[in-house]
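A closer look at the structure
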Amino acid sequence: MTIDLISQDLESAISSKSNTVLVLFSSFTDDKDKTPVLHNKSVAKQLETNLEEKSISGKTGETVLFREFAHASCRHLLVVGLGSLKELTHESFRQVAASIYDSVKQLKADEAFIDLESLAAKQKSEANLQAMVEGLILTSYEFNELKSKKDKKPSDVLFHIVLKEAKTAVYKAAFSEGLALADAVNFARYLGDMPGNLMTPDILAKKAVAGAKEVKVKATVWDKARIKKERMGGLLGVSMGSDQEPRFIVLEYNGAAKSKKPVVFVGKGLTFDCGGISIKPSAAMEEMKYDMCGGANVIATVLAVAKLNLKVNVIGLVPATENLAGPSATKPGDIHTARNGKTFEVNNTDAEGRLILSDALVYACEQKPEIIIDAATLTGAMVIALGNTHTGYFTRNEKLKKTIEEAAKASGEWVWNMPLTDFHVQDMKGTYADLSNISSGKGAGSATAAAFLEQFVEEGIPWAHFDIAGTGWSVGNRLKYCPKKGASGAMIRTFVEIARSFER
Ligand code: BES
Ligand code: ZN
Ligand code: ZN
């Protein structure tokens, strides 16, 4: 799909394409009688009966199509419900954009004019425009490039967002922002959806390098020999069961003075997790190609920050490996040493994410960061606790917690603060080594995993861990702009917002 922001009259904007559709908004202002309102007065007059009968109800996401309506030189008219104006948020626009995209696709239109002038003045905000752009691009994501017979695609739709103030700097910025964010999310989804054989640690690294080349990001990739030399015993230990070499991906973006401390993002890049010797059951094991979504989302975050030219220094770190059960694989009971010298017993080889993150977190601390944020599909327990709505995050830093809550709210993603205490740390003590990679207690598997990670973060450095096990892929059909199955790109928008908060 193609999308632009235009200010001119529709008549003069229509290109040679013939199958055009005009999109107008309906809503209701009075929550009691829910009388539908259409803000375009002349169309409202023509559709008076439809409004009276409430066949146009104004309900959120409702789409009513009038074929051959012929208004403003557009062949068809699509009326989209926004719901109650009192409850309207930027998230409503993301959701409504998904309804628009689906209807336009079904209609097989080649050109759609989304008339934001049909909104009440208050709703024509930058945030709503940005959300509309995000919603359209996020909904357009499809992953079918590995099918030999491609699904017949409807002709590429040209979306125009019509807004009088289109040339104003703030609206132009909101438009570009939505574009950059949604493109980044779709890129991360693509990395996640690729099968394990076509998204090995080396391929993931190459994709990151290629992405970095398009923006001002420096990419460095360590191979196995370098990882060994750098004493990354966790990453190396996990990789031993596989023929594929591990990689350690470093992305650096300098948008501020060199003296300014970087915001460091760390992402779990497990390109396939069979559990290792503590092998997983076969059912749904194929989903473990998504175990690199934390890494993919961190790569996409850094690229988006660079694309947006944020005045902040950002580093992205992705330890990437497979977790397989080959002859040299780490065995239960084996002990490895992380980069900071701490030792751990691997009592369950399926708890591998924390092992590769340990080295990456130590490296992150060496960068003297402002904050460290990590993202990982870390525990099945997280899926049990929060399902696929909220991403659970752990931090003991109140200031960072506030930053995270504000960033999530601004980006329309749902997060939930989870407990992390000394009790959880206690449960991760080892018998023969400093630490065990599984808890000695029952339950709270996500918190004890977070407590393990905390052992690799220097005191005084604000750090938060995001467990995206439930939200990284297969988020169901609640969010119309996310694929039901497939990678979601969770937290990229929030992470970019967190980075932005350090611009000042
Ligand atoms: N990648 C998995 C976590 C996971 C499982 C994410 C299911 C999403 C859905 C992780 O490496 C893992 O297997 N964790 C174990 C840890 C346990 C052995 C302590 C888990 O959660 O079962
Ligand atoms: Zn595992
Ligand atoms: Zn895993």
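Residues numbered from 1 in each chain as written. Chains lettered and ligands numbered in written order. Predicted model: local features only at pLDDT ≥ 70, side-chain atom pairs only at ≥ 80, totals over all residues. Heavy atoms only, no water.

1. Details of the overall build of the chain
A count of helices and strands for the chain gives 16 helices and 19 strands. Referenced to the eigenvectors of the C-alpha coordinate spread, the extents of the chain come out at roughly 80 × 50 × 45 Å. Sequence separation of 24 or more characterises 76% of the internal contacts of the chain that already satisfy a separation of 6 or more. A total accessible area of about 21100 Å² is found for the chain, and carbon and sulfur atoms account for 52% of it. The chain carries 62 positive and 61 negative side-chain charges, and their two centres are separated by 2 Å. (Helix = DSSP H or I, 4+ residues; strand = E, 2+ residues; numbered from the N terminus. Contact = heavy atoms within 4.5 Å. Areas by Shrake-Rupley, 256 points an atom, 1.4 Å probe, with all protein chains shown as cover. Lys, Arg positive; Asp, Glu negative; His and termini not counted. Charge placed at Lys NZ, Arg CZ, Asp CG, Glu CD.)

2. Looking at the coordination of the zinc ion (ligand 2)
Within the first shell, the zinc ion (ligand 2) binds the protein through Asp273 (OD), Asp350 (O), Asp350 (OD) and Glu352 (OE), at distances of 2.0 to 2.2 Å. One can describe the donor arrangement at the zinc ion (ligand 2) as irregular, given that its six donor atoms subtend angles of 69 to 165 degrees at the metal. When the donor residues of the zinc ion (ligand 2) are listed from N- to C-terminus, their spacing reads D-x76-D-x1-E. A spacing of 3.2 Å is found between the zinc ion (ligand 2) and the zinc ion (ligand 3), which share Asp273 as a donor. Judged by its relative accessible area of 23%, Asp350 falls in the partly exposed class. (Donors = N, O, S within 2.8 Å, 3.2 Å for Na, K, Ca; no water. Tetrahedral: all angles 85-135°; square planar, octahedral: opposite > 155°, others 65-115°. Buried < 20%, exposed > 50% of the residue type's maximum accessible area, 1.4 Å probe, protein only.)

3. Some details on the pattern of salt bridges
Tallied over the full model, the rule gives 25 salt bridges. In this structure, the salt-bridge partner of Lys105 is Glu142, at a minimum N-O distance of 3.6 Å. Remark: Glu142 occurs in the loop between helix H5 (126-140) and strand S7 (158-162) and Lys105 occurs in helix H4 (residues 90-107); sequence separation between them is 37 residues. Looking at Glu142, the relative accessible area reads 32%, which means it is partly exposed. A salt bridge links Arg396 to Asp422; its shortest N-O distance comes to 3.0 Å. One end of the pair, Arg396, is in the loop between strand S16 (391-395) and helix H13 (398-411); the other, Asp422, is in helix H14 (residues 422-426), and 26 residues separate them in sequence. Its relative accessible area of 39% is what places Arg396 among the partly exposed residues. Salt bridges sharing common partners tie together Glu91, Arg94, Glu134 and Arg493. (Salt bridge = Lys/Arg side-chain N within 4 Å of Asp/Glu carboxyl O.)

4. Comments concerning the coordination of the zinc ion (ligand 3)
Surrounding the zinc ion (ligand 3) are the protein donor atoms Lys268 (NZ), Asp273 (OD), Asp291 (OD) and Glu352 (OE), at 2.0 to 2.4 Å. Geometry at the zinc ion (ligand 3) is octahedral, judged from its six donor atoms and the angles of 76 to 174 degrees they form at the metal. All donors of the zinc ion (ligand 3) come from a single chain, and their spacing in sequence reads K-x4-D-x17-D-x60-E.

5. Overview of the sheet that holds strand S13 (residues 335-337)
Each strand in a sheet pairs with another by means of backbone hydrogen bonds, the pair being arranged parallel or else antiparallel. With mixed pairing, three strands are arranged side by side in an open sheet as S13-S14-S18. Looking along the sheet, the strands with just one partner apiece sit at the ends: S13 and strand S18 (435-436). Inspection of the sheet shows S13 paired to strand S14 (residues 343-345) by three bridges, in the antiparallel sense. Pairing of His336 across the sheet is with Phe344, part of S14. (Pairing = 2+ DSSP bridges.)

6. Quick look at the environment of Val104
Among the structural elements, Val104 can be located in helix H4. Residue Val104 is classed as buried on the basis of its relative accessible area of 1%. Spatially, the C-alpha atom of Val104 lies 9.4 Å from that of Thr20, the residues being 84 residues apart in sequence. The contact partners of Val104, leaving out residues within four places of it in the chain, are Val21, Leu78, Ala109, Ala112, Val157 and Phe159.

7. Describing the nonpolar core
Core analysis: the biggest nonpolar cluster contains 108 residues, and Phe25, Ile100, Leu129, Phe159 and Phe466 have the highest contact counts within it. Each of domain 1 (2-167) and domain 2 (181-500) gives at least three residues to this core. In this view, Phe466 contacts Ile373, Asp374, Ala375, Ala376, Thr391, Gly392, Tyr393, Ile404, Val415, Met491, Phe495 and Ile498; residues no more than four positions away in its chain are not counted. (Core = buried A, V, L, I, M, F, W, Y, C linked by side-chain atoms within 4.5 Å. Domains from an automatic or database assignment.)

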